[in-house]
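# Structural description and commentary
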Amino acid sequence: MPFAARPWALPVLFRLYRTQAECQRRDIRHRKKTQLGRELVERVLSWLPTGPLELAADEAYSCSTLLKGLPQRLVFVGAMRPDAVLTRPRVHRCRSPKTGRWLTRDVPVPKPEALARDSALPWMRLTAQLYGRSQQVDYKEVVARWRSAAGERMLKVVVVRMTSGSRPLRVFFCTAPSLSALEVVERYAFRWSIEVLFRDLKQLLGFADSRARRRLAVLRTAPFAGLSYTLLVLWYLELTASWQQMRWPLRPWYTTKTTVSFADVLRLAQSSLARARWHSPRRLRANLRAASRAPPSQESAE
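Attention here is on the structure that accompanies the text. (Residues numbered from 1 in each chain as written. Predicted model: local features only at pLDDT ≥ 70, side-chain atom pairs only at ≥ 80, totals over all residues. Heavy atoms only, no water.)

### Overview of the nonpolar core
Spelled out, the test is: Only buried residues count toward a nonpolar core, which is a set of Ala, Val, Leu, Ile, Met, Phe, Trp, Tyr and Cys residues joined through side-chain atoms within 4.5 Å. In this scheme, a residue with accessible area under 20% of its type's maximum is buried, one over 50% is exposed, and one in between is partly exposed, where area comes from a 1.4 Å probe on protein chains only. Secondary structure elements follow DSSP: runs of H or I of four or more residues count as helices, runs of E of two or more count as strands, with numbering from the N terminus. Any pair of residues with heavy atoms lying within 4.5 Å of one another is described as a contacting pair.
With 26 residues, the main nonpolar core has Phe-76, Met-80, Leu-86, Trp-146, Val-157 and Phe-173 as its most contacted residues. Of all the secondary-structure elements, those providing two or more residues to this core are α2 (33-47), α3 (64-67), β2 (74-80), α4 (112-117), β6 (133-145), α5 (147-150), β7 (154-161) and β8 (169-174). With residues near it in sequence (within four places) discarded, Trp-146 still touches Ser-62, Met-80, Ala-84, Val-85, Leu-86, Gly-151, Leu-155 and Phe-173. In terms of nonpolar packing, the next biggest core, distinct from the first, is built from 19 residues, Val-137, Phe-172, Tyr-188 and Ala-189 among them.

Here it is as structure tokens:
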């Protein structure tokens, strides 16, 4: 977005999830979240049959259900477990020293956690723009296959040493091995805009306060809130409003604000709607009756 320094997530498609207990109680087939996520991906691919696409997902969705069978034009950026089994294609033919047979299987590659402990492979450092600020990242990288999840596709695997939190390291990967480690880390960080979207939907549009009980109301609540969010952001994008038009409230304690948030967009929309001229349905009927009783014009009489 030209008016913001961070990526924005705009919801355009929805699938509602039922728990396994709910499906058993209603005697319907249970579908996992990853299966619903693959449906969303397939639908977007049908909307955009040509051209490159990128998909960022967290560790829960970085699995075979989403990864296997994806077209080459779709670049997937995700996270994997530190104990994931990695391999690489065998380049030179050789025989087994025990049986004498030709070896055809892939060559094992050390797991990400083993790569992190390997002192022969030194840590490298890069400077990345993560979550709105510049950070120093220590990393190791390797190009390998993750057969159990991604099948035959070669992946760029980036092992990142964590300096905070409970995890000692994080492992990110990308289905485009030509990308650099910097691009993989920064593109995965773009996924955080989805979490910002969920917060805004719950706190500002009342998504978490729904009291819907009827079936259609339940099905429509999430799409209505999400599409309202998207329409408001696109409306503001067309306005190309300046800082003076925003009329932000004076907050002396908030001196670090340098970009537009969804709360600012929503405030501008509320003030614009408050100044709009709305016509009462009764007044509209009165105008129609008056127009019907008016004498016909000369052209209509002729």
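### Things to note about the layout of surface pockets
The rolling of a water-molecule-sized probe over the atoms marks out the regions of remaining empty space. Rule in force here: A pocket here means an open set of points on a 1 Å grid, computed over the protein atoms alone, that has protein on both sides within 12 Å along at least five of seven lines. A cavity is instead a set of points where a 1.4 Å probe fits but cannot get out; residues with an atom within 4 Å of a point line either one. Grid points are joined across faces, edges and corners, and a volume is the space filled by probe spheres set on the points. The nonpolar class holds Ala, Val, Leu, Ile, Met, Phe, Trp, Tyr, Cys and Pro. Asp, Glu, Lys and Arg form the charged class, and all remaining residues, Gly among them, are polar.
If you add up the space inside the second largest pocket, you get close to 800 Å³. Contributing to the lining of the second largest pocket are 27 residues, with Arg-6, Tyr-131, Val-196, Thr-259 and Val-260 lying nearest its centre. Looking at the lining of the second largest pocket, the element that brings in the most residues is helix α7 (residues 192-204), giving seven residues. Its residues assigned to classes, the lining of the second largest pocket shows 12 nonpolar, eight polar and seven charged.

### Remarks on the packing of helix α8 (residues 215-239) against helix α10 (residues 262-275)
Under the convention used in this document: The angle between two axes is taken between their N-to-C directions and runs from 0 to 180 degrees, where each axis is a line fitted to C-alpha atoms and a helix contributes only its stretch in contact. When an angle is under 35 degrees it counts as roughly parallel; over 145 it counts as roughly antiparallel; between 65 and 115 it counts as roughly perpendicular; any other value is oblique.
Closest axis-to-axis distance for the α8/α10 pair is 10 Å, and the angle between their directions is 80°. Classified by the interaxial angle, the pair formed by α8 and α10 is roughly perpendicular. Contact with α8, carried on its side by Tyr-229, Leu-232, Val-233, Trp-235, Tyr-236 and Leu-239, involves Phe-262, Val-265, Leu-266, Leu-268, Ala-269 and Ser-272 of α10 and no other residues of that element. Across the contact of α8 with α10, the residue classes tally to 11 nonpolar, one polar and no charged.

### Notes on the pattern of salt bridges
Selection rule: Basic side-chain nitrogens of Lys or Arg form a salt bridge, by our definition, when they fall within 4 Å of a carboxyl oxygen of Asp or Glu.
Scanning the entire structure with this criterion turns up 17 salt bridges. A salt bridge links Glu-22 to Arg-26; its shortest N-O distance comes to 2.4 Å. Of the two residues, Glu-22 and Arg-26 both sit in helix α1 (residues 20-26), four residues apart, roughly one turn of that helix. On the accessibility criterion, Arg-26 (48% relative accessible area) is partly exposed. Look at the salt bridges and you will find they share partners, linking Arg-18, Glu-22, Arg-25 and Arg-26 into a network.

### Remarks on the environment of Ala-79
By the secondary structure assignment, Ala-79 is in strand β2. According to the relative accessible area criterion, Ala-79 is buried, its value standing at 0%. Residues contacting Ala-79, with those up to four places away along its chain left out, are Ala-57, Glu-59, Ser-62, Arg-170, Val-171, Phe-172, Phe-173 and Tyr-188.

### Quick look at unusual backbone geometry
One non-glycine residue with positive phi stands out, namely Asp-27, at about 60°. By the element assignment, Asp-27 lies in the loop between α1 and α2.

### Describing the side chain of Ser-62
In plain terms, the rule: Pairs of N or O atoms are called polar contacts if they sit within 3.5 Å, as long as, within protein, a hydrogen donor faces a hydrogen acceptor (for residues adjacent in sequence, only side-chain-to-side-chain pairs).
Secondary-structure assignment places Ser-62 in the loop between β1 (53-56) and α3. Look at Ser-62 and you get buried, because its relative accessible area is 5%. At 3.3 Å, the side chain of Ser-62 forms a polar contact with the backbone oxygen of Ala-79. Look past the residues within four positions of Ser-62 in its chain and what remains in contact with it is Ala-57, Leu-67, Phe-76, Gly-78, Ala-79, Trp-146, Ala-149 and Phe-173.

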